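# Coordinate inspection notes
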Amino acid sequence: MAAASEAASPMMRTNSAASAASTRGCDGETTSAVWHSKNDMTRILCIETTCDETAAAVVGDGPTVLGEVVATQDALHQRFGGVVPEIASRAHLERILPVIDEALRRAQLRLDEIDAVAVANTPGLAGSLLVGLVAAKTLCVACGKPLIAVNHLQAHIYACRIAAGREVFPCVGLIVSGGHTSLYRCRNALEFEFLGGTIDDAAGEAFDKVAQMLGLPFPGGPSIQKAAAQGNPRAFSFPRALIDDARLDFSFSGLKTAVRYQLVGPGKPDFSKLDLSPQFVADAAASFQEAVVDCLVAKAMQALRASGLSTLCVGGGVAANARFRERLEDEARKGGFDLVIAPLKLCTDNAVMGAIALERFRAGLVEPLDLDAFPGLLRPKPSAERTT
Ligand code: KG4
Ligand code: ZN
């Protein structure tokens, strides 16, 4: 790994903490490293393969986006109604090098003009994470660049920082994605304290599963949003679990079951054979969406009150939902808090949000090459069970 000693480098920058960052070599030993940056701008190649999007971006100070690519796998998973992990990792393997190549080409940069390689190594699907991690490590070895670890959930919140173009920390961070629904007190870009999260399904997962029951295409979020536009959100009275509870936790599995029982009784029905009218589907989609949005908005407001913070940052795939965005904006108008929702393009998985790596680089947080992938299958404890 590129852990050139200070004395060995003739081109040391003096105006960046990262230029003399402390790092550990392959053997875990701490060394002092110096990296040169052309024009004094730090440029990082960010790699994202946590789930089913193969993405790469080159970002610079600002943060600015110099080049980016997302290769979506939606078409590969569509007929299964959800992400199939093994298909996802194989597709990452085929796409990762062309995607990195294209991101560099769009940035008009060569690998040797990059200061570091960043990769999301947690949380995510084990096989998917490994593809990005191995690609990043290989580039680090081949080109002598430092390796930076990105936490995918923190990156989802950092998408708000990038879009805002100003400081957003400290804030309450709400991440609503296919795998997570979590609230954090974000002290700064790198220090997140878990406040609460789902005790069962993630909101995006519920969107995907309910869409499948209603015969709507994958990914479920955009399909439900589209169907809901023609439906009545009050047609069915679906449960809003934990909404009046003091805990900052969520639960969506009962809501999913309630939708199911609205369609069909117990047993193992073949949902593809249900004969549902378009109006029924629209009403069920609208009522389900409203119930999810009610829970998300209520808990975000509760977290703002409990934390005493006045900024709310919202990221993750479900933050692309139009009704959710509209309701958050209404609340921000009424409540007078500062709301930053990631722009649509940065809600679903992308590598641009890996620009959080710039913060780690500046703080000297560089990883050894034995960095591992952490799928993060164990959820943080629900707030009621936590002792601290
Ligand atoms: O953040 P993301 O791209 O991947 C994960 O980290 O999980 O989120 C994907 C999730 C999927 O469950 C998808 O159905 C949901 O985000 N999603 C939406 C919308 N667009 C994507 N959910 C509701 N409304 C949308 N417009
Ligand atoms: Zn995500």
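In this report, we go over the structure that sits alongside the text. The residue numbers shown here count from 1 along each chain, following its written sequence. Chains carry letters and ligands carry numbers; both start at the beginning, A for chains and 1 for ligands, and go up in the order they are written. pLDDT decides what is reported in this predicted model: residues at 70 or higher carry local features, side-chain atom pairs at 80 or more are listed and counted, and totals for whole chains, interfaces and linings draw on all residues regardless. Remark: hydrogens and water are excluded; side-chain values derive from all non-hydrogen atoms of the structure.

## Re the packing of aromatic side chains
Whether two aromatic rings pair depends on their centres lying within 6.5 Å, for rings of Phe, Tyr and Trp, where Trp uses its six-membered ring; planes under 30 degrees apart make the pair stacked, over 60 edge-to-face, and the rest tilted. What the rule picks out here adds up to six aromatic pairs. Measuring from centroid to centroid gives 5.6 Å for Tyr 184 and Phe 194, while their planes differ by 70 degrees, and the two rings are edge-to-face. With Tyr 184 in strand β9 (residues 181–188) and Phe 194 in strand β10 (residues 191–197), the pair connects residues that are ten residues apart, well separated along the chain. Considered together, Tyr 184 and Phe 194 belong to a single accessibility category, that of buried residues. Chaining the aromatic ring pairs together yields one cluster made of Tyr 184, Phe 192 and Phe 194. For helices the rule is a DSSP run of H or I covering at least 4 residues; for strands it is a run of E covering at least 2, with both sets numbered from the N terminus onward. Three labels apply to residues, based on accessible area from a 1.4 Å probe with only protein chains included: buried if under 20% of the type maximum, exposed if over 50%, partly exposed otherwise in between.

## With respect to the environment of Leu 242
Here Leu 242 is to be found in the loop between α6 (220–228) and α7 (253–263). Taking the C-alpha atoms as reference points, Leu 242 and Ala 298, 56 residues apart in sequence, are found 9.9 Å from one another. Setting aside its immediate chain neighbours within four residues, Leu 242 contacts Ile 199, Arg 247, Asp 249, Phe 250, Ser 251 and Lys 299. Any two residues whose heavy atoms approach within 4.5 Å at even a single point are treated as in contact.

## Some words on the site of ligand 1
Surrounding ligand 1, one finds 21 residues, the nearest of these being Gly 178, Asp 208, Gly 221, Gln 225 and Asp 349. Pairing of N or O atoms within 3.5 Å defines a polar contact, subject to two protein rules: one partner must be a possible hydrogen donor and the other a possible acceptor, and residues neighboring in sequence count only if both atoms are side-chain atoms. A distance of 2.9 Å is found between an oxygen atom of ligand 1 and a backbone nitrogen or oxygen belonging to Gly 221. For ligand 1, an oxygen atom lies 3.0 Å from a polar atom in the backbone of Gly 317. All accessible areas in this document rest on Shrake-Rupley with a 1.4 Å probe, and a residue is counted as covered only by the protein chains that are shown. Computed on the free molecule, ligand 1 has an accessible area of 560 Å², of which 89% lies beneath the protein chains in the complex. At the level of secondary structure, the elements contributing two or more residues to the shell around ligand 1 comprise α4 (152–164), α5 (203–213) and α6. If you tally residues by element for the shell around ligand 1, the top one is α6, at four residues. If a single non-hydrogen atom of a residue is within 4 Å of a molecule or strand, that residue counts as near it.

## Some remarks on the pattern of salt bridges
Salt-bridge detection follows one rule: a side-chain nitrogen of Lys or Arg within 4 Å of a carboxyl oxygen of Asp or Glu. Evaluated as defined, the whole model comprises 21 salt bridges. A salt bridge links Lys 209 to Glu 205; the nearest nitrogen and oxygen atoms lie 3.0 Å apart. Pair noted here: Lys 209 and Glu 205 are both in helix α5, with a separation of four residues, about one helical turn. Close ionic contact of Asp 294 with Arg 240 constitutes a salt bridge, the shortest N to O distance being 2.9 Å. Placement of the pair is Asp 294 in helix α8 (residues 278–307) and Arg 240 in the loop between α6 and α7, with a sequence separation of 54 residues. Under the relative-accessibility criterion, Arg 240 is labelled partly exposed at 25%.

## Section: the environment of Gly 81
Along the chain, Gly 81 falls in the loop between α1 (74–77) and α2 (85–107). For Gly 81 and Pro 217, which are 136 residues apart along the polypeptide, the C-alpha to C-alpha distance reads 7.1 Å.

## Quick notes on unusual backbone geometry
In this structure, the amide linkage connecting Thr 122 to the following residue, Pro 123, adopts the cis form with an omega of -20 degrees. Within the secondary structure, Pro 123 sits in the loop between β6 (116–122) and α3 (126–143). With an omega of 0 degrees, the peptide bond running from Phe 169 to Pro 170 counts as cis. Located in the positive-phi region is Gln 108, a residue other than glycine, with phi close to 55 degrees. For Gln 108, the position within the fold is in the loop between α2 and β6. On the accessibility criterion, Gln 108 (70% relative accessible area) is exposed.

## Focus: α4
Here a helix's expected span is defined as the number of its residues, less one, multiplied by 1.5 Å. In this model α4 runs 19 Å from its N-terminal to its C-terminal C-alpha over 13 residues, within 8% of the 18 Å that 1.5 Å per residue would give. Within α4, burial applies to His 152, Leu 153, Gln 154, Ala 155, His 156, Ile 157, Tyr 158, Ala 159, Cys 160, Arg 161 and Ile 162. The backbone nitrogen of Leu 153 has a side-chain oxygen 2.8 Å away, supplied by the residue at the start of α4, namely Asn 151. One or two residues past the end of α4 sits Gly 165, with phi positive at roughly 70 degrees.

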